[in-house]
Amino acid sequence: MDVKKVAKLAHLDISEEEVAIYTPQLAKIVEYVEQLGKVDITGVDPMLGGLTDEGQATDTMRDDEVIVSSGQEWATCEAPAAVEGHFQVPKVL
Amino acid sequence: MFESIIKKALDDAERLNPILNAFLSLEQAHAEERIAELGKERQELPLFGYPIAVKDNICTQGLRTSCGSRILENYRAHYNATAIEKLNQAGAVVIGKTNMDEFAMGSSNENSAFGICRNPWDTERVPGGSSGGSAAAVASGVVRASLGSETGGSVRQPASLCGVVGLKPTYGRISRYGLVAFASSLDNIGIFGRSVRDAAKVLGVIAGRDPLDSTSAEVPVPDYEATLDATVSGRRIGVPWALMGEGLDGEVRSAVERSIEGFRSIGAEIVDIELPHAMYGIAVYYIIATAEASSNLARYDGVRYGFRAEQANSLREMYHQTREEGFGPEVKRRIMLGTYVLSSGYYDAYYAKAQKVRALVKRDYERAFASCDAILTPTSPTTAFRIGERSDDPLAMYLSDIYTVSANLAGIPAISVPCGLSSENLPIGLQLLGNFWSEALLLNMAYKFESEFPLKEMPKIFAD
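Since the structure is predicted, the reported quantities are computational estimates derived from the model, not experimental observations.

Q: Quick rundown of the interface of chain B and chain A? Include the residues and the values.
A: With 69 residues of chain B in contact, the opposing surface of chain A contributes 56 residues. Carbon and sulfur atoms supply 69% of the area that chain B and chain A bury against each other, a total of about 5,400 Å² over both sides. Three residues, His78, His320 and Met336 of chain B, lead the burial of chain B against chain A; their summed loss comes to 13% of the area buried on that side. At the junction of chain B with chain A, the criterion picks out two salt bridges. Lysine 332 of chain B is the partner of glutamate 18 of chain A in a salt bridge, and the nearest nitrogen-oxygen pair spans 2.8 Å. Scanning the region where chain B abuts chain A turns up 17 residue pairs in polar contact (both at pLDDT 80 or more). Mapped onto the side of chain B that touches chain A, the elements with two or more residues apiece are α8 (281–296), α9 (315–326), α10 (329–342), α11 (348–368), α12 (394–398) and α13 (405–410) of chain B. Tallied by class, residues from the side of chain B that touches chain A come to 35 nonpolar, 17 polar and 17 charged.

Q: Mind laying out unusual backbone geometry, listing which residues take part and the relevant values?
A: The omega torsion of the bond from glycine 129 of chain B to serine 130 of chain B falls at 10 degrees, within 30 degrees of zero and hence cis. Mapped onto the secondary structure, serine 130 of chain B falls in the loop between β3 (92–98) and α4 (132–139). Residues other than glycine seldom take positive phi values, yet histidine 11 of chain A does so here, at roughly 55 degrees. Inspection of the secondary structure puts histidine 11 of chain A in the loop between α1 (3–9) and α2 (16–33). Looking at histidine 11 of chain A, the relative accessible area reads 25%, which means it is partly exposed.

Q: Outline α8 of chain B, supporting the account with residue identities and numerical values.
A: An ideal rise of 1.5 Å per residue puts 22 Å on 16 residues; α8 of chain B measures up with 22 Å between its terminal C-alpha atoms. The element α8 of chain B is largely enclosed, with a buried count of 15 among its 16 residues.

Q: Lay out a nonpolar patch on the surface in plain terms, naming residues and giving numbers.
A: Together, Val89, Val92 and Leu93 of chain A give the surface a local cluster of nonpolar side chains, amounting to about 350 Å² of exposed area. Within the fold, valine 89 of chain A resides in the segment after β2 (86–87).

Q: Help me get a handle on the sheet that holds strand β8 (residues 269–272) of chain B, residues and values and all.
A: Residues and elements named next belong to chain B. Reading across the sheet, the eleven strands line up as β1-β3-β2-β4-β6-β5-β10-β11-β9-β7-β8 and stay open at both edges, with mixed pairing between neighbours. Each having just a single partner strand, β1 (23–26) and β8 make up the two edges of the open sheet. Pairwise comparison of adjacent strand axes, ignoring direction, gives a mean angle of 30 degrees for this sheet. Across four bridges, strand β7 (residues 236–239) lies against β8 in parallel orientation. Bridge pairing in β8 places isoleucine 237 opposite isoleucine 270. Sitting on the sheet, helix α2 (residues 28–38) touches β1 and β3, and the angle it makes with β3 is about 170 degrees.

Q: Break down the pattern of salt bridges for me, citing the residues and quoting the values.
A: Oppositely charged side chains are able to pair whenever their charged atoms sit close together. By the definition in use, this model includes 23 salt bridges over all chains. Ionic pairing is found between arginine 125 of chain B and glutamate 424 of chain B, a salt bridge with its closest N-O pair at 3.4 Å. Of this pair, arginine 125 of chain B sits in the loop between β3 and α4 while glutamate 424 of chain B sits in the loop between β10 (414–421) and β11 (427–434), and the two are 299 residues apart along the sequence. Between arginine 334 of chain B and glutamate 330 of chain B there is a salt bridge, with the nearest N and O atoms lying 2.7 Å from each other. Of this pair, arginine 334 of chain B and glutamate 330 of chain B both sit in helix α10, four residues apart, roughly one helical turn. A cluster of three or more residues bridged by salt bridges with shared partners is formed by Glu18 of chain A together with Glu324 and Lys332 of chain B.

Q: Go over the environment of threonine 123 of chain B, please, and point to the residues and values.
A: Residue and element names in this part refer to chain B. Residue position: threonine 123 is located in the loop between β3 and α4. The exposure class of threonine 123 is partly exposed, given its relative accessible area of 22%. Filtering out sequence-adjacent residues up to four positions away, threonine 123 remains in contact with Ile19, Leu20, Arg118, Ile387 and Ile461.

Q: Give a description of the nonpolar core that names residues and reports values.
A: Among the nonpolar cores identified, the biggest contains 83 residues, and Phe103, Phe327, Met336, Tyr365 and Ile375 of chain B are the most heavily contacted of them. Where this core is concerned, the elements lending two or more residues are α1 and α2 of chain A together with α8, α10, α11, α12 and α13 of chain B. The element that contributes the greatest number of residues to this core is α8 of chain B, accounting for ten residues. Once residues within four sequence positions are removed from consideration, phenylalanine 103 of chain B is found in contact with Cys67, Ser69, Ile71, Leu72, Val180, Phe182, Leu297, Tyr300, Phe327 and Val331 of chain B. Of all hydrophobic cores here, the second largest spans 60 residues; its members include Ala207, Leu228, Ala268 and Leu376 of chain B.

Q: Before we move on, can you summarise the side chain of serine 294 of chain B with the specific residues and values?
A: Residue and element names in this part refer to chain B. Structurally, serine 294 is set in helix α8. Note on serine 294: relative accessible area 12%, which makes it buried. Of note is the side chain of serine 294, whose polar atom sits 2.9 Å from the backbone oxygen of alanine 291. With residues near it in sequence (within four places) discarded, serine 294 still touches Ile335, Gly338, Thr339 and Leu342.

Q: Any details on the packing of aromatic side chains? Residues and values, ideally.
A: All names here are of chain B. Applying the stated rule across the entire model yields 16 aromatic pairs over all chains. With a centroid separation of 3.7 Å and 10 degrees between ring planes, the pair formed by tyrosine 286 and tyrosine 398 is classed as stacked. With a gap of 112 residues between them, tyrosine 286 in helix α8 and tyrosine 398 in helix α12 connect regions that are remote in the sequence. Of the two residues examined, tyrosine 286 and tyrosine 398, each falls in the buried class. Seen from their ring centres, tyrosine 300 and phenylalanine 327 are 6.3 Å apart, and the 90 degrees between their planes marks the pair as edge-to-face. Of this pair, tyrosine 300 sits in the loop between α8 and α9 while phenylalanine 327 is found in the loop between α9 and α10, placing the two residues 27 residues apart along the sequence. Each member of the pair, tyrosine 300 together with phenylalanine 327, is buried. Members of the aromatic cluster, connected to one another through ring pairs, are Tyr75, Phe103, Tyr300, Tyr305 and Phe327. Geometry around phenylalanine 114 places arginine 64 over its ring, the cationic atom sitting 4.8 Å from the centre. Stacked on the ring of phenylalanine 307, the Lys or Arg arginine 70 has its end atom at 4.5 Å from the ring centre.

Q: How would you explain the environment of serine 406 of chain B if you had to name every residue and give the values?
A: Residue and element names in this part refer to chain B. By the secondary structure assignment, serine 406 is in helix α13. Given the relative accessible area of 3%, serine 406 is considered buried. In this structure, the C-alpha to C-alpha distance between serine 406 and isoleucine 270, residues 136 residues apart in sequence, is 21 Å. Apart from the residues within four sequence positions on either side, serine 406 is in contact with Val361 and Tyr365.

Calculation notes
Residues numbered from 1 in each chain as written. Chains lettered and ligands numbered in written order. Predicted model: local features only at pLDDT ≥ 70, side-chain atom pairs only at ≥ 80, totals over all residues. Heavy atoms only, no water. Contact = heavy atoms within 4.5 Å. Buried area = accessible area lost by both parts, 1.4 Å probe. Salt bridge = Lys/Arg side-chain N within 4 Å of Asp/Glu carboxyl O. Polar contact = N/O pair within 3.5 Å; in protein donor to acceptor, adjacent residues only side chain to side chain. Helix = DSSP H or I, 4+ residues; strand = E, 2+ residues; numbered from the N terminus. Nonpolar A, V, L, I, M, F, W, Y, C, P; charged D, E, K, R; others polar. Buried < 20%, exposed > 50% of the residue type's maximum accessible area, 1.4 Å probe, protein only. Expected span 1.5 Å × (residues − 1). Patch = residues over 30% accessible without salt bridge, like charges linked within 9 Å, V, L, I, M, F, W, Y side chains within 5 Å. Areas by Shrake-Rupley, 256 points an atom, 1.4 Å probe, with all protein chains shown as cover. Pairing = 2+ DSSP bridges. Axes fitted to C-alpha atoms, helices over the stretch in contact; angles between N-to-C directions. Core = buried A, V, L, I, M, F, W, Y, C linked by side-chain atoms within 4.5 Å. Phe/Tyr/Trp six-rings, centres within 6.5 Å; stacked < 30°, edge-to-face > 60°. Lys NZ or Arg CZ within 6 Å of the ring centre and 35° of its normal.

Worth remembering: the numbers are spatial, not functional.
Given below as structure tokens:
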């Protein structure tokens, strides 16, 4: 695994020291999970989620009704930086 | 009367926390408010004045919900999880939020950003994880029940290591609205109890369909306490002997064998079963769980909540540095592994394959339950290990989930109940796994076992 490349994809700014630590650890884990290559999966449908048959059968639709929103102040009050109900971020361009 | 019970729980928690570090926050003011509210309530509520501890990845309105992570260190949830709403309506009082492996990733609680939690039976040892604090809070007598969460055994394994009851329900049994997502197709809210009855009581309150969680299922909630004492005579218990070989500690094996004899002595029939794909459970789990985690944890970007790195000059730099500084090593490892298995060119080899083997794991259970009512295994292959013993070897740590992960993959319920102590005075847990929606049966069997073969010893660190 190219750990630097994967870290970039995962939006992690990892250091060279971390690359040195994670590379052998992740290699060992990947080697372990590769044992799945031994399993005969011919004709097996993938299990796409965790739902039981009853979960699949449950009606999860609701009426399309307008409900009161909690508001911008509420939505932004935990943000590290927010101004007048807007999230503030470093410059984009 | 109930005020004194709640105040005692808070006092005990405060007094023991310098030793155990089971709680990340104690909520005195919130408890006072709840006491005042309850003063006006009907006392016949099912959990009236019942103090409860909650894992710090379950949202509690206005209270800290850190997920054991620096990235959410000062985060206060905007709303209550449905499980918390239901506990409040039933008269329970949340006294504090418990320590955990960061984002529920770990089996020892050593991955918490806020210090390790210690096992009340031996403070040099881990309580298990990831819900280590919730297990220790119950084991040390601070509360009779607590909430945890499970993705691969994070309630059952610490329950086993701390000598308490740990229940993982069927996928869809308890609403996950307000449970911070780790791996959505595997995550469950689970329950710790001092006794099986405590777990049954709490499950009865928080189970059921919730319109706010589309994965919660429309299945009636039975009266779990009503059937606790039903006879287990004639019940068939399947034992997958082939799984109990390599890696299983000798003393754990002996205790589990004695438990099997114990069940036989109270009328259960023991049958041999096979779960041929269970041995692949950990490999499947570490592909699916990390893939889902890499997606779920993408939301932590320093914009809407939580920690933000301050030095960044651009938006992209801010994202990368925030995540680099905010996440601990195990979370980064899993995000990277998940990113890798989902990345272009690798998807079919890892993720698609894992989903197929997952279907086989589930099919094994469906076949097994055609010939038995429940399956019995150890919960954890070993008793509580020493702090630091496995922290340099992530794979060795992952292998401690061997008996628990497959229930999460299949979506079936399972319970861990104490079944003895090792020669070093450390608790051993046995696990009962049941068919979908069979929580009432599992609680009944665990209750009968607990009544016949109670764990009489107490941990070294205990509230009274």
